[in-house]
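# Inside the fold
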Amino acid sequence: MSTTNERNVSTAIHLSTLTQYFIPFGNYIFPIIIWSSKKKDSEFIDSNGKQVLNFQLSMLLYSLILCLIAIPIIIYAVLRNVTWNDLINDNHHHFNEMTIGQSTGFITLALCAAAVFGFLKIMEFILIIYASVKASNGELYKYPLTIPFFK
């Protein structure tokens, strides 16, 4: 059974990841600060801190993989009608002649990538709130699809 202080600190660790919407990399900085200062005090705090960091690192990895897949395909879709000679001679007429039919794949891919990224961010927000409620109730929540970087 966890004490009220342990539950409050664990809840704060989970909720501190929401600082990413106000402070760049706040979802890593603040949980690390809170977790590293309190992890020796309680196994419950240590477990929650590891879960939070594993989840945030997993979300970063999934976002990077999404970018590594989408960006080269988008670049290819935009540049597929441009030759090296056009790039060297600074001819921009291929971009002006691009039609909606030639851009359909690009637009579809961009919309799919944006939808998947949006879904990831919405699910991340919901899961953080859910894990915070669980931590405040004294329960350890394991985020789904999380890679265990910290064990």
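Please refer to the structure higher up on the page.
As a starting point, this report considers the structure included with it. If you're wondering where the values come from, they're calculated on a predicted model, not measured in any experiment.

Cut-offs and rules
- Residues numbered from 1 in each chain as written.
- Predicted model: local features only at pLDDT ≥ 70, side-chain atom pairs only at ≥ 80, totals over all residues.
- Heavy atoms only, no water.
- Salt bridge = Lys/Arg side-chain N within 4 Å of Asp/Glu carboxyl O.
- Helix = DSSP H or I, 4+ residues; strand = E, 2+ residues; numbered from the N terminus.
- Buried < 20%, exposed > 50% of the residue type's maximum accessible area, 1.4 Å probe, protein only.
- Core = buried A, V, L, I, M, F, W, Y, C linked by side-chain atoms within 4.5 Å.
- Contact = heavy atoms within 4.5 Å.

## Description of the pattern of salt bridges
- Summed over the entire model, instances satisfying the criterion amount to three salt bridges.
- As a salt-bridge pair, glutamate 124 and lysine 121 come within 2.8 Å of each other at their nearest N and O atoms. One end of the pair is glutamate 124 and the other is lysine 121, both in helix α6 (residues 100-136) and three residues apart, which spans about a single turn.
- Classification of lysine 121 by relative accessible area gives partly exposed; the value is 24%.

## Observations regarding the environment of valine 133
- Looking at where valine 133 falls in the secondary structure, it is placed in helix α6.
- When the C-alpha positions of valine 133 and arginine 7 are compared, they lie 9.7 Å apart, and in sequence the two are 126 residues distant.

## Regarding the nonpolar core
- Counting 15 residues, the largest nonpolar core has Ile13, Phe55, Leu127, Ile128, Tyr141 and Tyr143 as its most contacted members.
- Elements with a contribution of two residues or more to this core: α1 (4-16), α3 (43-79) and α6.
- Looking at this core element by element, the count peaks at five residues for α3.
- Excluding anything up to four places from it in sequence, tyrosine 141 contacts Gln51, Leu127, Tyr130, Ala131 and Lys134.

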